[in-house]
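Close look at the chain arrangement
Below, each chain spelled out in residue letters.
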Amino acid sequence: MLLFAFVAISMAAFAQQALGERAQTSSPAINADGSVTFRFFAPLAKEVKVVSNEIFPVGHHSADMQKDDKGVWSFTTEPLKPELYMYNFVVDGAKITDPSNVYMIRDIASVFSVFIVGGGQADLYKVNGVAHGSVTKMWYDSPALNMKRRLTVYTPAGYEDSKKRYPVFYLLHGMGGDEEAWMSLGRASQILDNLIAQGKAEPMIVVMTNGNPSQEAAPGETQYGMLTPTTNLPKTMDGAFELAFPDVVKFIDTHFRTIKKKQGRAIAGLSMGGFHSLHISKQYPDMFDYIGLFSAAVTREGSKAEIYSDLEGKLKRQFSTKPALYYIAIGKDDFLYKANGYLRSILDRNNLPYEYVETDGGHIWRNWRIYLSQFATKIFK
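Position numbers for residues start from 1 in each chain and track the written sequence from start to end. Side-chain atom pairs in this predicted model are given and counted only at pLDDT of 80 or more, local residue features only at pLDDT of at least 70, and totals for whole chains, interfaces and linings cover all residues. To obtain the side-chain values, all non-hydrogen atoms of the structure were included, while hydrogens and water were left out.

So, the overall build of the protein chain
Secondary structure elements are taken from DSSP: a helix is a run of H or I of four residues or more, a strand is a run of E of two residues or more, and numbering for both begins at the N terminus. Each helix and strand in the protein chain was counted, giving 8 helices and 18 strands. For 381 residues, the compact-globule estimate of 2.2 N^0.38 gives 21 Å, and the protein chain sits close to it at 23 Å. Along the longest, intermediate and shortest principal axes, the C-alpha atoms of the protein chain span 75 × 50 × 40 Å. Taking all 381 residues of the protein chain together, the buried fraction comes to 51%. Of the contacts formed within the protein chain by residues at least 6 apart in sequence, a portion of 73% connects residues at least 24 apart. Accessible surface for the protein chain amounts to roughly 18,000 Å². Of this, 55% is attributable to carbon and sulfur atoms. Note that His is not counted, nor are the chain ends; the positive residues are Lys and Arg, and the negative ones are Asp and Glu. For the purpose of locating charges, the reference atoms are NZ of Lys, CZ of Arg, CG of Asp and CD of Glu. Averaging the positions of the 41 positive and the 39 negative side-chain charges in the protein chain gives two centres separated by 5 Å. What the globule rule says is 2.2 Å times the number of residues to the power 0.38, and the radius of gyration is computed from C-alpha atoms. For the exposure calls, accessible area comes from a 1.4 Å probe over protein chains only, and a residue counts as buried if that area is under 20% of its type's maximum, exposed if over 50%, partly exposed in between. Residue contacts follow a heavy-atom distance rule, with two residues in contact if any of their heavy atoms lie within 4.5 Å. Surface accessibility in these figures is a Shrake-Rupley result with a 1.4 Å probe; residues are shielded only by whichever protein chains are displayed.

A short note on the packing of aromatic side chains
Remark: the centre distance and the inter-plane angle together describe each pair of aromatic rings, the angle taken between the planes. The pairing test for Phe, Tyr and Trp rings, Trp by its six-membered ring, is centres within 6.5 Å, and the orientation test on the planes gives stacked under 30 degrees, edge-to-face over 60, and tilted for anything in between. In this structure the tally under the stated criterion is 26 aromatic pairs. For the ring pair Tyr170 and Phe245, a centre distance of 5.5 Å and an interplane angle of 75 degrees mean the geometry is edge-to-face. Note that Tyr170 is positioned in strand E13 (residues 168–172) and Phe245 in helix H4 (residues 240–255), a separation of 75 residues in sequence. Under the relative-accessibility criterion, Tyr170 is labelled buried at 0%. Residue class for Phe245 comes out buried when judged on its relative accessible area of 0%. Between Trp182 and Trp365, the ring centres sit 5.1 Å apart and the planes meet at 85 degrees, which makes this aromatic pair edge-to-face. Of this pair, Trp182 sits in helix H2 (residues 181–184) while Trp365 is found in helix H8 (residues 365–376), placing the two residues 183 residues apart along the sequence. Taken as a pair, Trp182 and Trp365 share a single burial class, namely buried. These aromatic residues form a ring-pair network of at least three members: Phe169, Trp182, Phe294, Tyr327, Trp365, Trp368, Tyr371 and Phe375. In this scheme, Lys NZ or Arg CZ marks a charge over a ring once it lies within 6 Å of the ring centre and within 35 degrees of the ring normal. The ring of Tyr125 has Arg369 sitting right over it, with the charged end atom 5.3 Å from the ring centre.

Things to note about the nonpolar core
Proteins that are soluble and globular tend to have nonpolar side chains buried together. The criterion is simple. A nonpolar core is a set of buried Ala, Val, Leu, Ile, Met, Phe, Trp, Tyr and Cys residues joined through side-chain atoms within 4.5 Å. Core analysis: the biggest nonpolar cluster contains 41 residues, and Phe169, Leu171, Trp182, Phe294, Phe375 and Ile379 have the highest contact counts within it. Those residues in contact with Phe375, other than ones at most four positions away along the chain, are Phe169, Ala266, Ile267, Ala268, Tyr290, Ile291, Gly292, Phe294, Leu325 and Tyr327. Among the nonpolar cores identified, the runner-up in size contains 37 residues, and Met138, Tyr170, Leu278 and Ile328 belong to it.

A word on helix H3 (residues 188–197)
For H3, a buried count of 9 out of 10 residues is recorded, marking the element as mostly surrounded by other parts of the structure. For H3, every residue scored as buried is listed here: Ala188, Ser189, Gln190, Ile191, Leu192, Asp193, Asn194, Leu195 and Ile196. Tucked inside the fold, the buried residues of H3 contact strand E11 (134–142), strand E12 (147–155), E13, H2, strand E14 (205–208) and H8. Two residues or fewer after H3 comes Gly199, characterised by a positive phi angle close to 75 degrees.

A word on helix H5 (residues 272–283)
For H5, built from 12 residues, the straight-helix expectation of 16 Å at 1.5 Å per residue is met to within 8% by its first-to-last C-alpha distance of 16 Å. Among the 12 residues that make up H5, 11 are buried, leaving the element largely enclosed by the rest of the structure. Here H5 has its buried residues at Met272, Gly273, Gly274, Phe275, His276, Ser277, Leu278, His279, Ile280, Ser281 and Lys282. Expected span, for any helix, means 1.5 Å times one less than how many residues it has.

Details of the pairing of strand E2 (residues 36–41)
Criterion used throughout: strands pair if DSSP finds at least two bridges between them. The pairing of strand E1 (residues 29–30) with E2 spans 2 bridges and is classified as antiparallel. Its bridge partner being in E2, Ala29 is matched across the sheet by Thr37. Hairpin connection between E1 and E2: a loop of 5 residues separates the two successive antiparallel strands, and Gly34 in this loop has a positive phi of roughly 90 degrees. Sheet analysis places E2 next to strand E6 (residues 72–76), joined by 5 bridges and oriented antiparallel. The residue bridging Thr37 from the neighbouring strand is Thr76, located in E6.

See below:
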């Protein structure tokens, strides 16, 4: 009894101490002018930096934090534009998340602290007071890949109480990602909830697949345990995923109330997912009426897979079916900018219609959230 009382008192005292430290080092603090103050309590540290590819200008991805007489390091940014931001601290050379911020996101094998500066476009990324859809993790059978695989499905608000059929948007991730990437990094469910509530997007089912044919599911969600996430996965761009994609469509059409025709299907993806969307849609020209390529890879150098051959001829055959929308979007500084220019040159010389969007920045989630927000308002109209 005495031992129990001592432990309880000690834990309470420790909790109170922790609460005091957290109040002292609240971070990040979003200020009235949109600037953000970061704080970190580390009296013995010699150097602390805040690092972010999104907060700071290109080529200047970090800022030195300054220590006060209480051992609290701090740094305040310039006013930031509305956006979702990711960052870390570097403490004497070791990168860590912000211990005062419980909100974190995994991007491949890195974990970042996150926050949102609200307003404008960024309000789409918030959970607002609107009707919310449901998100389900499901397993399906892929005979083409000879395995059970996992995918994420968003159904719009009211789906469960309705008898109507819904269009389906297949949304694909980039290299190193998985079926969770668009939900966490892309804020897909928040964007869809808000756009549908505003009447800017049609109620739709959104299917987020795992585009790595060698994986059953996201790292840590398979029978192989907590593997380290990596971009170096086999078979990601060898044609296997594209050829197996009808397995996904068949499963969704079987298990959900869908519009089972071209006019009721859209496909889009970022980077590798854009590459997959490009080649899936031309391989099955009667399957998708709406195609979105977000910072897409276009060709696979050295690949002998038949599905990637005769790009121009297959695009001409695809456009002979008159897709309702072919949307291409990329940042001015994206390393795939020239590849997208090559794709557009093919479309231009054959008078194949498409919509083109060019934004600032490079190969980053900020752009892909914008492209999703735009594309979702253009489909199924």
